[in-house]
Amino acid sequence: ICYNAVIHACCKAGDVERAAYWIDQMTAHGIRPTVNSFSTIIDRLARTGDIATAEGWLDRMAQAGVEADVVSYNMILCNYSKSSEPEHAFSVFQRMLERGVTPNTVSFNLVLNVHARTGDSAGTRQRLQDMRRLGVEADRVTYSTAIKAFAKQGDVRGAEALLREMHSSRIQPDVQVFNAVIGACARAKDPERAEKWLQQMAKDGLKADAASYHAMIEVCAQIGDFQRAEQWFQKLDKAALQASASTYNLMVSTCAKMGDMHRAEHLLSKMEAVQVEATGMTYNSLISACAKRGDISRAERWLNRMTASGAHADVASYSALVHACAKASDLPRAEGWVRKMEEAHVEPNVVTYNSVINACARCGDAAKAEVWFQKMLSQGITPAVLTYNSLINACAKGGDLAKAEHWLRSMSEQGVLPDDVSFSTVIHACGQKQDPQRAEQWLERMRSGRSAGVEKPSAFGYNSVTQAWARAGDAGRAAHWLNLALRDNVECSAASFSAVVAAFVRRSNLPEAEKWLRGMLDAGHPVPRSGSGGSEALASAWQHKGEHARAAALRSLPVEAPAATSERSWRTSASASAGRSGAASWRHDVGSSRA
């Protein structure tokens, strides 16, 4: 007893080496150390985080002929259960079993906590079965911890089954247990089920806390029921509960997604009033929402307010603004924000550079696009397909077709697979340069399957080549590509049909022109009345040849204003092309002019 008291005093003073010395002294004097002698040292080491050394003392105990008890093992399990190396906890638990030491409820709870942290519902089930097999009684902590494991995996049924088992075992669940089940329902995006358990909580005489309401707000926001989320937020307020920063962040983000900037900004002001600190996430939600709406000035004000509040503006904060400036084709403003983020020691990422290069593309400034591209490389950032597409578009808009083709070839050489947008931009540029043969070569390359990043050419490529040949006066070649598009089940735009009709009219091949005009109707496009590819031009040509009946028949065809028909169908074709590659910015750029 005297030795153990000294060992305890040494450990309490933090002198484990001195405590170990006294264990050696006990042995030297023929006194056998007890479990308490060793467990005192193990406890001290475990508490200070030196778990590996603490585990080593289990070996010293065994060598001294002293068998560690469940308390000694639990001391080590307690620390391993909180560490980033859960396998050590399982190893100690297994060692415990192999040494014939029966785990108690605390032992199982500690191991269950490891499974819960990793969302290992299968492991949780196994541990619960082991508890029953060994006759170890589960307590509230057991059920609460196990339910959290199922909840983390979104396993609503598993979590609910355990909660019912708790009731049948006459163990009263607490608010945290119900919150775990409600959280599982939230992850499963099932608000009705979550609400049912909230009601059950009230029946059990428990009062919902702020976390309960947060889970309800979260599930409603996840399914896009923003009005319902707002109602739960108001209920939280009426319950006189303080919403956490994460709840406010969720509501601000939800309102921002709804486009209700007034409400989002009101919530942020309320946060300040109740002294809940707004985080970077809160401000980023507002900045991003303003940026997406094209309200750059408002987004800038929030970023400035963010930095003034002491919240950290990160790469997402600045990149949202750079992207908004790019969408507005405001290159100087986009570049200015990149400089500001660098001054704030925030490193631009691939999204930032893609946005500013896209701004250059929108302005047709290929030289600046290349400068930013080189800067991106110098920072060790690997360009993505979107980066190259913006570069290609910048060159195309600047009228430098050779440079656009250079970047298309270069991306393949650098191991970046060109996609449909990459080729379509070059094809369109060839058409704009009145070089249909060059456009055709690129489309042929796409169709041949020689481009690994392209499954098959989009409608945009076919329409661009068709219209390029038609503008060049080669009606036969234009019709050939339109035929190929139809054969390949590609959506052909009204503008392509009109271009082919106009080309045949100019060549006085009126039967062929009429065939394609009626083909336009068969493809579901209303026929434009005016324009060189419209019904009136063809009717006039037939009338000039004395074919009055044919002219009258053409004039009776269903029509639509040519600008609307051409623009709408052309945009549909271009959107389908760009949408498949996720290049919304490219679609906007190229879609603003007719092919």
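Model, not experiment: these values are computed from the prediction.

**Structural notes on the overall build of the protein**
If you tally the helices and strands in the protein, you get 34 helices and 2 strands. Over its C-alpha atoms the protein spans a radius of gyration of 36 Å, topping by over 25% the 25 Å that the globule rule assigns to 595 residues. Dimensions along the principal axes, computed over C-alpha positions, put the protein at roughly 125 × 55 × 50 Å. Burial status across the protein gives 50% buried among its 595 residues. Considering only intrachain contacts with a sequence separation of at least 6, the fraction spanning at least 24 residues in the protein is 61%. Entry remark: accessible area of the protein is about 26,800 Å², with carbon and sulfur atoms responsible for 49%. Between the mean site of the 69 positive side-chain charges and the mean site of the 63 negative ones, the protein shows a separation of 4 Å.

**So, the pattern of salt bridges**
The tally for this structure, following the rule as stated, stands at 31 salt bridges. Across the pair E192 and R228 runs a salt bridge, and its minimum N-O distance is 3.2 Å. With a gap of 36 residues between them, E192 in helix 12 (residues 191-203) and R228 in helix 14 (residues 226-238) connect regions that are remote in the sequence. A salt bridge links R477 to E440, with the nearest nitrogen and oxygen atoms 2.8 Å apart. With R477 in helix 28 (residues 475-487) and E440 in helix 26 (residues 436-447), this pair connects stretches of sequence that are 37 residues apart. According to the relative accessible area criterion, R477 is partly exposed, its value standing at 27%.

**A closer look at the packing of aromatic side chains**
Within this structure, the stated rule accounts for 16 aromatic pairs. Between F423 and W442, the aromatic rings sit 6.0 Å apart at their centres with planes inclined by 55°, giving tilted as the arrangement. Of this pair, F423 sits in helix 25 (residues 420-432) while W442 is found in helix 26, placing the two residues 19 residues apart along the sequence. Ring centres of Y462 and W481 lie 6.2 Å apart, and the angle between their planes is 55°; this geometry places the pair in the tilted category. A residue pair is termed long-range when its members are at least 10 positions apart, and Y462 in helix 27 (residues 459-471) and W481 in helix 28 qualify at 19 residues. Look at W481 and you get buried, because its relative accessible area is 0%. An aromatic cluster is present here, built from Y3, Y21 and W22 joined pairwise through their rings. The ring of W232 has K235 lying over it, and the distance from NZ or CZ to the ring centre is 4.0 Å. The ring centre of W542 lies 3.9 Å from the NZ or CZ of R550, which sits over that ring.

**Examining the packing of helix 24 (residues 401-413) against helix 25**
Packed helix pairs are specified by the crossing angle of their axes together with the interaxial distance, meaning the distance between the axes. The interhelical angle for the contact between helix 24 and helix 25, taken along N-to-C directions, is 160°, at an axis separation of 10 Å. With respect to helix 25, the axis of helix 24 lies roughly antiparallel. Here helix 24 and helix 25 pass one another in a crossing that is left-handed. Residues L401, A404, E405, L408 and M411 of helix 24 lie in contact with helix 25, whose contacting residues are S422, F423, V426, A429 and C430.

**Some remarks on the state of the cysteines**
The full count for this structure, using the stated rule, is 0 disulfides. C255 carries a free sulfur, and the closest cysteine sulfur to it, the one in C290, is 13 Å from it. We note that C290 lacks a disulfide partner, and the nearest cysteine sulfur, in C325, lies 13 Å from it. Classification of C290 by relative accessible area gives buried; the value is 1%.

**Observations concerning the nonpolar core**
Counting residues in hydrophobic clusters, the biggest one holds 180 residues, and the most contacted among them are I41, I147 and I287. For this core, the element with the most residues is helix 11 (residues 175-187), which contributes 9 residues. Setting aside residues up to four positions removed in sequence, I287 forms contacts with A299, W302, L303, M306, S317, A320 and L321.

**Section: unusual backbone geometry**
With a phi close to 60°, N489 is a non-glycine residue in the positive phi region. Within the fold, N489 resides in the loop between helix 28 and helix 29 (494-506).

**Details of the environment of R125**
Positionally, R125 belongs in helix 8 (residues 121-134). The exposure class assigned to R125 is partly exposed, which follows from its relative accessible area of 38%. Once the C-alpha coordinates of R125 and S144 are considered, the two residues, 19 residues apart in sequence, prove to be 13 Å apart.

**Remarks on helix 9 (residues 140-152)**
Structural remark: α-helix, 3.6 residues per turn; residues separated by three or four positions point the same way. An ideal rise of 1.5 Å per residue puts 18 Å on 13 residues; helix 9 measures up with 18 Å between its terminal C-alpha atoms. Buried within helix 9 are the following residues: T142, Y143, S144, T145, A146, I147, A149, F150 and A151. In this structure, the buried residues of helix 9 make contact with helix 7 (105-118), helix 8, helix 10 (156-168) and helix 11. Sitting at the amino-terminal end of helix 9 is D139, which places a side-chain oxygen 3.1 Å from the backbone nitrogen of V141. The first or second residue beyond helix 9 is G154, which carries a positive phi of 75°.

Conventions used here
Every chain begins its residue count from 1, and numbering advances along the sequence as written. Since the coordinates come from a predicted model, pLDDT governs what is reported: local features require at least 70, and pairs of side-chain atoms require 80 or more to be given and counted, while whole-chain, interface and lining totals use all residues. Processing note: side-chain calculations cover all non-hydrogen atoms of the structure and skip hydrogens and water entirely. Secondary structure elements are defined from DSSP: runs of H or I of at least 4 residues count as helices, runs of E of at least 2 residues count as strands, and each element is numbered from the N terminus. We compute the radius of gyration over the C-alpha atoms and compare it with the globule rule, which gives 2.2 Å times the number of residues raised to the power 0.38. Between buried and exposed lies partly exposed: a residue is buried under 20% and exposed over 50% of the maximum accessible area for its type, with that area taken using a 1.4 Å probe on protein chains only. When checking whether two residues touch, look at their non-hydrogen atoms; a contact exists if any pair is within 4.5 Å. Per-residue and other accessible areas follow the Shrake-Rupley method at a 1.4 Å probe size, with only the shown protein chains counted as cover for residues. Two residue types count as positive, namely Lys and Arg, and two as negative, namely Asp and Glu; His and chain ends fall outside the count. Every charge is mapped to an atom, namely NZ of Lys, CZ of Arg, CG of Asp or CD of Glu. Any carboxyl oxygen of Asp or Glu within 4 Å of a side-chain nitrogen of Lys or Arg constitutes a salt bridge here. Pairing of aromatic rings covers Phe, Tyr and Trp, the last through its six-membered ring, and needs centres within 6.5 Å; plane angles under 30 degrees mean stacked, over 60 mean edge-to-face, and all others mean tilted. Should the NZ of a Lys or the CZ of an Arg lie within 6 Å of a ring centre and within 35 degrees of the ring normal, that charge is described as sitting over the ring. Axis definition: a line fitted to C-alpha atoms, limited for helices to the stretch in contact. Angles are taken between N-to-C directions and run from 0 to 180 degrees. For this classification, under 35 degrees means roughly parallel, over 145 means roughly antiparallel, 65 to 115 means roughly perpendicular, and everything else is oblique. Crossings are sorted by hand: turned counterclockwise from the far helix by less than a right angle, the near helix makes the crossing left-handed, and turned clockwise it makes it right-handed. Pairs of cysteine sulfur atoms within 2.5 Å are what we label disulfides. Buried Ala, Val, Leu, Ile, Met, Phe, Trp, Tyr and Cys residues form a nonpolar core when they are joined through side-chain atoms within 4.5 Å. Here the expected span of a helix is defined as 1.5 Å times the quantity of residues minus one. The definition of a polar contact used here is a pair of N or O atoms within 3.5 Å, where within protein one atom must be able to donate a hydrogen and the other to accept one, and adjacent residues in sequence count solely through side-chain atom pairs.

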